[in-house]
Amino acid sequence: MKQIAVLSGKGGTGKTTITASLAVLARNTVVADCDVDAPDLHMLLHPEIIKTQEFKGSKRAVIDKTKCVECGLCREKCRFDAITEDITVDPISCEGCGVCTIICPVSAVTLTERISGYAYFSKTKYGFMAHAMLSPSESNSGKLVTLVRQNARILAEKEESDLIIIDGPPGIGCPVIASVTGVDAGLVITEPTMSGIHDLERALQLLKHFNIQPFVCVNMYDINKENTEKIVDFCEENRIKTVGNITFNPIITEAMVNGKPIVDYAPESDVAKEIERMWKNIVSALKLGSG
Amino acid sequence: MIVSIASGKGGTGKTSVAVNMALSIKNVQFLDCDVEEPNVHLLLHPKIDRTEPVYVLVPFVNEESCDYCGECSRFCQYNAIFVGSEKVLIFPELCHSCGGCTAVCPKKAINEEKHKVGTLKSGSAGGLELVYGELEVGEPMAVPVIREVKRRIDKSRNVVLDSPPGTSCPVIETVKGSDFCILVTEPTPFGLHDLKIAVQVLENMQIPFGVVINRAGIGDKKVYEYCREKSIPILLEIPFQRRIAELYSRGVPFSLEMPEWKEKFEALFNEARKLVDK
């Protein structure tokens, strides 16, 4: 089984739009939406949920006020400033480390588990899908990403699918690292802007750090052709394969408004053709069986 | 006043709004809290006069005193310590630096040492002070670097914070303590969906906020309907224009080339101030 992660560094470069189209083109694949903070892929693939799982990702300290003597030791030892002056826990700052529970002389503090999101096993028109939703202002998105990837593998094994396509979150931090560990290839979607180039470089460094084969796609390449050339040259110098250039075309937003992957919504459009070409490049570079 | 700029969905134009606003008002301290992918310096071209490492504390086990009892490993909520029969393994990238392991160790065999997770840079561009952080590539935790950036806040100035995208820990760390938050969105289904999540976060945190609609004219009208229903003020609309996109692609804040926007961004800041005072 192979796994490809779609990432970007910079947000809003078109990860989800492209992932949805690859899911259509790849056939018999499982897609995993690992942007658990702000998942959007379901708006294009319309999954029908088969099974829901509770996600208990983080714990929070709770102070039993009937036992508390307000000595303030917990407040002093907490490194996250999560205990307020009146000795109550600020649930937004608490990272659930448990130091307060061992420091409290009267055992008034306990850690409680709580549901901080949900993970889903789903079916779509194009194949199976693993996804999740982190509750707003919760932490530990990396752990939830790991759960989504586990679920995707379960689905892939059950359905005898040989490919998992992962829609990653933006950035290079914990949920991104959780999205790329152990994948066969990372497809970095960038745009020809100064920020796009800067963030592409950092995303490629991340892939290198974890020894993952990189591919690059320049989205909206005609917004600034000079910058696109810079990206292509940079990739060549570093022996990174540029697998696709996609034009700026408002039809992408139109497809999104209509809730469809672009290759399904407008299969004859230049954008759809370019994504198809890109997919063929990836298939041959990774020697994928189907697709 | 501390104003943060956040979004939910990435790439909606947070940095662009933050930079153009900062360039249109006076006495500004700008903190780029998107330490995973900091971009503000690409638009402001600051002169950097200080570069400092950012460290976190991670455990260091003195194996001569350790009897491999495993207390530290059982205590650690983040699986950052593994105790084998004759070896202790520490995973610094999983450690949250809570210090609990040093406290529970019955043999006092654990000390803490510094582990570099990022770099803090500060400097200036024109009259504007800029501070930003850069997370080390391969390090998962952005929050300690954001905390370090925010430690430089100078409340006597107009503080502008550029947040990373999303709705989890790095965003919360950034917007915490803000007097006002500007949420930048685009009028598309993805933009609206992620805006709704960001709104819940700010409501949970009881931070007053308003919305800027970027790329107005693309997509649909549902963002407007949502804001109307929820009585969320729309503070500014920036139309989709190829010229704005092109300027951005070259790293030029568009209000510098299109000066009619300076007033609009100044008005945006004043509107935020009015809403805070209310």
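Source: prediction; values computed, not measured.

Colleague: Help me get a handle on the overall build of chain A, residues and values and all.
Modeller: Helices and strands together make up the secondary structure of chain A, namely eleven helices and eleven strands. Along the longest, intermediate and shortest principal axes, the C-alpha atoms of chain A span 70 × 40 × 35 Å. Nonlocal contacts in chain A, meaning residues at least 24 apart in sequence, comprise 75% of its contacts between residues at least 6 apart.

Colleague: Give a detailed account of the sheet that holds strand β8 (residues 158–162) of chain B, specifying residues and quantitative values.
Modeller: In a beta sheet, neighbouring strands are held together by backbone hydrogen bonds and run either parallel or antiparallel to one another. Residues and elements named next belong to chain B. Pairing is mixed across the open sheet formed by nine strands, whose spatial order is β3-β6-β7-β2-β8-β1-β9-β10-β11. Where the open sheet ends on each side, the last strands, each with one partner, are β3 (47–61) and β11 (234–239). Going across the sheet, the axis of each strand differs from the next one's by a mean of 20°, ignoring polarity. Relative to strand β7 (residues 128–135), strand β2 (residues 28–32) runs parallel, the two being bridged by four bridges. What sits directly across from L31, in β7, is V131. Contacts from helix α1 (residues 14–24) reach β1 (2–6), β2, β7, β8, β9 (180–185) and β10 (209–216) within the one sheet, and its direction differs from that of β8 by about 165°.

Colleague: Describe in detail helix α1 (residues 15–26) of chain A, supporting the description with residues and values.
Modeller: The end-to-end C-alpha distance of α1(A), which contains twelve residues, comes to 16 Å, matching closely the 16 Å that a straight helix rising 1.5 Å per residue would cover. Counting buried positions along α1(A) gives twelve out of twelve residues, so the element sits mostly inside the fold.

Colleague: An account of the sheet that holds strand β1 (residues 2–7) of chain A is requested, with residue identities and associated values reported.
Modeller: All names here are of chain A. The strand order β3-β6-β7-β2-β8-β1-β9-β10-β11 describes an open sheet built from nine strands, whose pairing is mixed. This sheet does not close on itself; its edge strands, each paired only once, are β3 (48–55) and β11 (241–246). In this sheet, adjacent strand axes meet at a mean angle of 20° when their direction is disregarded. Relative to β11, strand β10 (residues 213–219) runs parallel, the two sharing five bridges. Paired with V216 across the bridge in β11 is T242. Along the sheet face, helix α7 (residues 194–209) touches β1, β9 (185–190) and β10 and points at about 175° away from the line of β9.

Colleague: For the pairing of β11(B), give the residues involved together with the corresponding values.
Modeller: All names here are of chain B. Relative to β11, β10 runs parallel, the two sharing five bridges. Residue pairing across strands places V212 opposite L236, the latter belonging to β11. Once you follow β10 into helix α8 (residues 222–229) and on to β11, the crossover reads as right-handed.

Colleague: Hey, could you go over the interface of chain A and chain B for me, with residue numbers and the actual values?
Modeller: Of the residues lining the interface, 52 residues belong to chain A; the matching set on chain B comes to 52 residues. If you list the elements that add at least two residues to the side of chain A that touches chain B, you get α4 (99–103), α5 (141–158), α6 (174–180), α7 and α9 (251–257) of chain A. Among the elements that line the side of chain A that touches chain B, the one with the most residues is α7(A), at eight residues. Looking at the side of chain A that touches chain B residue by residue, the classes come out as 21 nonpolar, 22 polar and nine charged.

Colleague: Describe the domain arrangement of chain A, with residues and values.
Modeller: Many structure descriptions define interface size as the accessible area lost when the parts assemble. All names here are of chain A. Partitioning chain A into structural domains gives domain 1 (2–56 + 121–286) and domain 2 (58–114). Taking only C-alpha atoms, the centre of domain 1 and the centre of domain 2 are 40 Å apart. Taken together, the contacts link five residues of domain 1 with five residues of domain 2. Across the side of domain 1 that touches domain 2, the residue classes tally to no nonpolar, three polar and two charged.

Definitions and limits used
Within each chain, residue numbers correspond to sequence positions counted from 1 in written order. Think of it this way: whatever chain is written first is A, whatever ligand is written first is 1, and the rest follow in order. In keeping with the predicted nature of the model, local features appear solely for residues at pLDDT of at least 70, side-chain atom pairs appear and are counted solely at 80 or more, and the whole-chain, interface and lining totals rest on all residues. Strands are runs of DSSP state E lasting at least two residues, helices are runs of H or I lasting at least four, and both sets are numbered from the N terminus onward. Contact between two residues is assigned when their C-beta atoms, built from the backbone, lie within 7 Å. For two strands to count as paired, DSSP must find a minimum of two bridges between them. In this description, a line fitted to the C-alpha atoms serves as the axis of each element, helices being fitted only across the stretch in contact, and the angle between N-to-C directions of two axes falls anywhere from 0 to 180 degrees. Working rule for helices: expected span equals 1.5 Å times residues minus one. Burial is judged by counting other C-beta atoms within 10 Å of a residue's own C-beta: 20 or more means buried, 12 or fewer means exposed, and anything between counts as partly exposed, with every C-beta placed from the backbone. Call a crossover right-handed when, viewed with both strands pointing away from you, the route from the first strand across the helix to the second goes clockwise. All amino acids are sorted into three groups, where Ala, Val, Leu, Ile, Met, Phe, Trp, Tyr, Cys and Pro are nonpolar, Asp, Glu, Lys and Arg are charged, and the leftover types, Gly among them, are polar. Domain segmentation is taken from an automatic or database assignment of domains.

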